[in-house]
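One letter stands for each residue in the lines below.
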Amino acid sequence: MLWAKDGKEAIEMCRKNASIDLVLMDIKMPVLSGLEAIDEIKKFRKDLPIIVQTAYAMPEDREKSLAAGGDEHLTKPINADELFSTINKFLN
């Protein structure tokens, strides 16, 4: 498992590590937001599943996540069963 401290680092990790199969992305991150990072990552890894995990729970927040290229939007607190089910959906 890899962990990026900010959006810019997340982009570079995805660019340099072709072995990354899935990304869990928070929206609120320093340097670049998660939404900005998703947009950049999808430019060079279109098929990389990105699951947004965030405290932003309004319907328009979900729409923004999906519009940026996120494949799913989960709100905090994250339910473990829902998280694992979502991960399995993308990795199987």
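Undergrad: Looking at this structure, I do not really get the overall build of the chain. What am I missing?
TA: On a plain count of helices and strands, the chain comes out with 4 helices and 3 strands. Scanning the chain from its N terminus toward the C terminus, one meets helices and strands in the order α-β-α-β-α-β-α. Compactness check: the chain gives a C-alpha radius of gyration of 12 Å against a globular reference of 12 Å for 92 residues, within 12% of the reference. By principal-axis analysis of the C-alpha atoms, the chain measures approximately 30 × 30 × 20 Å. Looking at the chain residue by residue over its 92 residues, the buried ones come to 39%. Long-range contacts, defined as pairs at least 24 residues apart, comprise 50% of the intrachain contacts of the chain with a sequence gap of at least 6. Within the structure as shown, the chain displays about 5800 Å² of accessible surface, and the carbon and sulfur contribution to it stands at 54%. Across the chain, the centroid of the 13 positively charged side chains sits 5 Å from that of the 16 negatively charged ones.

Undergrad: Could you clarify how one ought to interpret the pairing of strand E2 (residues 50–54) in this entry?
TA: In regular strands, side chains alternate between the two faces of the sheet. When you tally the buried positions in E2, you get 5 out of 5 residues, the bulk of the element. The pairing of strand E1 (residues 23–26) with E2 spans 4 bridges and is classified as parallel. The residue bridging Met-25 from the neighbouring strand is Val-52, located in E2. Inspection of the sheet shows E2 paired to strand E3 (residues 72–75) by 4 bridges, in the parallel sense. The residue bridging Gln-53 from the neighbouring strand is Leu-74, located in E3. On the question of chirality, the crossover connecting E2 to the parallel E3 by way of helix H3 (residues 59–67) is right-handed.

Undergrad: Hey, could you run me through the packing of aromatic side chains in this one?
TA: Think of a pair of aromatic rings as described by two things: how far the centres are apart, and how the planes are tilted against each other in angle. Scanning the entire structure with this criterion turns up 0 aromatic pairs. Here the guanidinium or amino end of Arg-15 rests over the ring plane of Phe-44, the centre of that ring lying 4.3 Å away.

Undergrad: In this structure, what is going on with the sheet that holds E2? I would like to understand it.
TA: Where strands meet in a sheet, backbone hydrogen bonds hold them as pairs that are either parallel or antiparallel. The strand order across the open sheet built from 3 strands is E1-E2-E3, with neighbouring strands paired in parallel fashion. Every interior strand has two partners, whereas the edge strands, E1 and E3, have only one. Taking each pair of neighbouring strands and ignoring which way they run, the sheet shows an average axis angle of 30°. Docked against the sheet, helix H2 (residues 34–44) engages E1 and E2, running at close to 145° with respect to E1.

About the cut-offs
- Residues numbered from 1 in each chain as written.
- Predicted model: local features only at pLDDT ≥ 70, side-chain atom pairs only at ≥ 80, totals over all residues.
- Heavy atoms only, no water.
- Helix = DSSP H or I, 4+ residues; strand = E, 2+ residues; numbered from the N terminus.
- Rg over C-alpha atoms; globule rule 2.2 N^0.38 Å.
- Buried < 20%, exposed > 50% of the residue type's maximum accessible area, 1.4 Å probe, protein only.
- Contact = heavy atoms within 4.5 Å.
- Areas by Shrake-Rupley, 256 points an atom, 1.4 Å probe, with all protein chains shown as cover.
- Lys, Arg positive; Asp, Glu negative; His and termini not counted.
- Charge placed at Lys NZ, Arg CZ, Asp CG, Glu CD.
- Pairing = 2+ DSSP bridges.
- Right-handed = clockwise from strand over helix to strand, strands pointing away.
- Phe/Tyr/Trp six-rings, centres within 6.5 Å; stacked < 30°, edge-to-face > 60°.
- Lys NZ or Arg CZ within 6 Å of the ring centre and 35° of its normal.
- Axes fitted to C-alpha atoms, helices over the stretch in contact; angles between N-to-C directions.

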